[in-house]
Amino acid sequence: STQLIKIDRKNPDFSVLKIPAAIISKGGLAAFPTETVYGLGGDALNPESAKKIYTAKSRPCDNPLIVHIADISQLKLLAEDIPERAYLLAEKFWPGPMTLILKKSSIVPYETSGGLDTVAVRLPADDIARQLIRLSKTAIAAPSANTSGKPSPTLASHVVEDLGGRIDVIIDAGPAEIGLESTIIDVSTSETVILRPGALSLYDIKKIIPDAYRAVYDKKLFKDKKLKPKAPGMKYRHYAPCADILIVKGNCRAVAEKISGLVKDDITKRRRAGIITLEENLQLYDQIRHSACIIVVGSKKDKKSTAHNLFKVLRQFDKAGVDIIYSEAFERDGIGEAVMNRLLKAASYKVIDV
Ligand code: TXA
Ligand code: MG
């Protein structure tokens with residue numbers, strides 16, 4: 001069975017981390033909080049640990065793991081030919097929600113790198129995560145601690161739902177602050193390419209590396225199966241609750257009217273609908289408020305709230321057992337770009353314009 005360890009962020013007792021650290025050193029698996037989402041950690045340098053991670057998550061083994069470090073000095077043990085750009089980014093954005101792709105050193109097993117000659121490295125800002133890495137005396141390979149294909153866990157209870165009974169221990173330190181996974185930047189070639197948007201935006205990165213650019217859009221990869229994505233994870237259906245999602249885009253009144261019409265139609269077909277909306281728009285659904293499961297994901301005033309809540313809300317719809325989910329489209333500035341990236345993937349890019 002899976003052990004549960006609680007840590008109070010306001011008054012943390014780091015000594016309890018000795019238990020999961022010892023488990024990781026011995027080749028076991030521990031889920032732990034980071035500032036982005038909860039990770040499923042194992043010894044990054046132990047191929048058996050990496051195999052266990054893939055099995056626990058039912059993850060395809062060609063989808064590489066992110067290696068977490070506690071100190072920037074660990075970087076040169078894991079990577080080779082580290083370009084100056086990597087250090088510029090690391091000095092500016094670590095510890096934080098940024099993952100760098102670099103040429104891997106020989107100590108990183110191919111099980112961890114999903115067979116690639118590159119390695120993904122992140123130095124998280126979360127004190128609990130860093131303390132765990134230090135105590136385990138290794139680097140920790142950790143994908144998001146969800147079952148492959150499900151939304152990433154932002155609460156320890158999400159990890160229990162997906163991986164309870166399948167891993168050794170789960171550290172519960174309350175909600176993950178950001179709620180979306182790290183920004184992935186490939187610096188393993190002469191170009192600087194953003195493979196996955198996150199809390200750190202393209203705008204932030206361009207301030208340090210002006211010619212950085214965003215990789216082929218995921219939508220193209222989704223529509224054209226012959227294209228090969230640089231981050232293997234991008235080709236899989238992701239972040240998806242059980243129900244289908246349809247994104248409705250446009251002026252907020254027109255969107256609410258369209259969604260209300262769709263919900264009325266669903267009722268005649270005995271389909272239960274869910275709606276994802278913002279605090280400011282909630283009143284626009286007054287007419288159908290008893291006919292659909294309406295969840296407020298965030299507010300226009302606080303853009304970060306939508307990122308923080310999105311994955312939790314997707315899981316709430318699973319519990320509510322809805323058949324279809326309609327979501328408003330969100331503004332793409334700042335962290336909004338990452339929010340829409342995850343929402344579009346969850347919706348398999350189904351969008352209607354009104
Ligand atoms: O915020 C995060 O990044 C969280 C926390 C736990 O740190 N981790 C996370 O891991 O989101 P995961 O495994 O769910 O996503 C890792 C992504 C995948 O899309 C994978 O394909 C890509 O990183 N990736 C890993 N190594 C790579 C490599 N060498 N080259 C290209 N992409 C890589
Ligand atoms: Mg993941």
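Nothing here was measured: the structure is a model prediction, and the numbers come from that model.

Undergrad: What is the right way to look at the overall build of the protein chain in this model?
TA: Scanning the protein chain for helices and strands turns up eleven helices and 17 strands. Computed over C-alpha atoms, the radius of gyration of the protein chain comes to 20 Å, within 12% of the 20 Å expected from 2.2 N^0.38 for 354 residues, which places it in the range of a compact globule. Viewed in the frame of its principal axes, the protein chain has a C-alpha envelope of about 60 × 50 × 40 Å. Buried positions account for 56% of the 354 residues belonging to the protein chain. Put simply, 68% of the contacts in the protein chain that link residues at least 6 apart link residues at least 24 apart.

Undergrad: What's the story with the UniProt feature "binding site: ATP" (unreviewed entry) in the protein chain in this structure? I'm lost.
TA: According to UniProt, the "binding site: ATP" (unreviewed entry) feature falls on Arg59, Asn63, Thr118, Ser144, Ser152, Arg196 and Tyr239. These residues run over 181 residues, and the two farthest C-alpha atoms among them are 24.7 Å apart, placing them at more than one spot. Structurally, the position occupied by Arg59 is in the loop between helix H2 (47-57) and strand E4 (66-68). Looking at Arg59, the relative accessible area reads 15%, which means it is buried. Discounting residues that sit within four places of it in the chain, Arg59 has contacts with Tyr54, Pro64, Leu65, Pro143 and Ser148. Turning to its location among the elements, Ser152 is positioned in the loop between strand E8 (140-141) and helix H6 (156-163). Taking the relative accessible area as the measure of exposure, Ser152 reaches 0% and is therefore buried. Discounting residues that sit within four places of it in the chain, Ser152 has contacts with Val37, Ser144, Asn146, Glu181, Tyr239, Phe311 and Arg315.

Undergrad: Help me understand the pairing of strand E14 (residues 273-278), please; the structure alone is not making it clear to me.
TA: Along a regular strand, successive side chains alternate from one face of the sheet to the other. Taken across its six residues, E14 has six buried, putting it largely inside the fold. Of the two faces of E14, both are covered, the one formed by Ala273, Ile275 and Thr277 as well as the one formed by Gly274, Ile276 and Leu278. Of the strand pairs in this sheet, E14 and strand E15 (residues 292-298) are connected by six bridges, and their pairing is parallel. Note that in E15 the partner of Thr277 across the bridge is Val296. In terms of strand pairing, E14 meets strand E16 (residues 324-328) through four bridges, oriented parallel. Paired with Ala273 across the bridge in E16 is Ile324.

Undergrad: Please explain the pairing of strand E11 (residues 193-196) as it appears in this structure.
TA: The pairing of strand E10 (residues 183-186) with E11 spans three bridges and is classified as antiparallel. Residue Asp186 lies in a different strand from E11, and its bridge partner there is Val193. The antiparallel pairing of E10 with E11 creates a hairpin that spans six residues between the two strands. Here two bridges tie E11 to strand E12 (residues 213-214), and the two strands are oriented parallel to one another. Following the sheet pairing, Ile194 is matched in E12 by Arg214.

Undergrad: Looking at this model, I keep getting lost on the side chain of Arg85. Mind explaining?
TA: Mapped onto the elements of the fold, Arg85 is located in helix H4 (residues 84-93). Despite its burial, Arg85 pairs with no opposite charge, the nearest such side chain being Asp211 at 6.7 Å. Here the side chain of Arg85 touches Glu191 through a polar contact of 3.0 Å, landing on its backbone oxygen. A distance of 2.8 Å separates the side chain of Arg85 from the side chain of Thr192, its partner in a polar contact. Contacts of Arg85, omitting those with residues within four sequence positions, involve Val187, Thr189, Ser190, Glu191, Thr192 and Ile209.

Undergrad: Looking at this structure, I do not really get helix H5 (residues 127-136). What am I missing?
TA: Because the α-helix completes a turn every 3.6 residues, residues three or four places apart line up on one side. Here H5 has its buried residues at Ile128, Ala129, Arg130, Leu132, Ile133 and Ser136. Among the residues of H5, the N-terminal cap falls to Asp126, whose side-chain oxygen and the backbone nitrogen of Ile128 are separated by 2.7 Å. Positive backbone phi, at 55°, marks Lys137, one or two positions downstream of H5.

Undergrad: Would you take a moment to explain the UniProt feature "domain: YrdC-like" (unreviewed entry) in the protein chain for this structure?
TA: Following the UniProt record, the feature "domain: YrdC-like" (unreviewed entry) maps to residues 14-200 here. Segment residues 14-200 splits into 27% helix and 21% strand. End C-alpha atoms: 28 Å apart.

Undergrad: Sorry if this is basic, but what is going on with the sheet that holds E16 here?
TA: Neighbouring strands of a sheet are bound in pairs by backbone hydrogen bonds; such pairs are parallel or else antiparallel. The strand order across the open sheet formed by five strands is E15-E14-E16-E13-E17, and the pairing between neighbours is parallel. On the outer flanks of this sheet lie E15 and strand E17 (351-353), each paired with one strand and no other. Averaged over all adjacent pairs, the angle separating strand axes in this sheet is 25°, with direction ignored. Here three bridges tie strand E13 (residues 244-249) to E17, and the two strands are oriented parallel to one another. Bridging from a neighbouring strand, Lys249 pairs with Asp353 of E17. Along the sheet, helix H9 (residues 252-268) contacts E13, E14, E15, E16 and E17; its crossing angle with E16, the most-contacted strand, is approximately 175°. Strands in contact with helix H11 (residues 336-346) are E13, E16 and E17; relative to E13, the strand with the most contacts, it is inclined by about 130°.

Cut-offs applied
Residues numbered from 1 in each chain as written. Chains lettered and ligands numbered in written order. Predicted model: local features only at pLDDT ≥ 70, side-chain atom pairs only at ≥ 80, totals over all residues. Heavy atoms only, no water. Helix = DSSP H or I, 4+ residues; strand = E, 2+ residues; numbered from the N terminus. Rg over C-alpha atoms; globule rule 2.2 N^0.38 Å. Buried < 20%, exposed > 50% of the residue type's maximum accessible area, 1.4 Å probe, protein only. Contact = heavy atoms within 4.5 Å. UniProt positions renumbered as here; feature names shortened; annotations may be inferred. Pairing = 2+ DSSP bridges. Lys, Arg positive; Asp, Glu negative; His and termini not counted. Salt bridge = Lys/Arg side-chain N within 4 Å of Asp/Glu carboxyl O. Polar contact = N/O pair within 3.5 Å; in protein donor to acceptor, adjacent residues only side chain to side chain. Axes fitted to C-alpha atoms, helices over the stretch in contact; angles between N-to-C directions.

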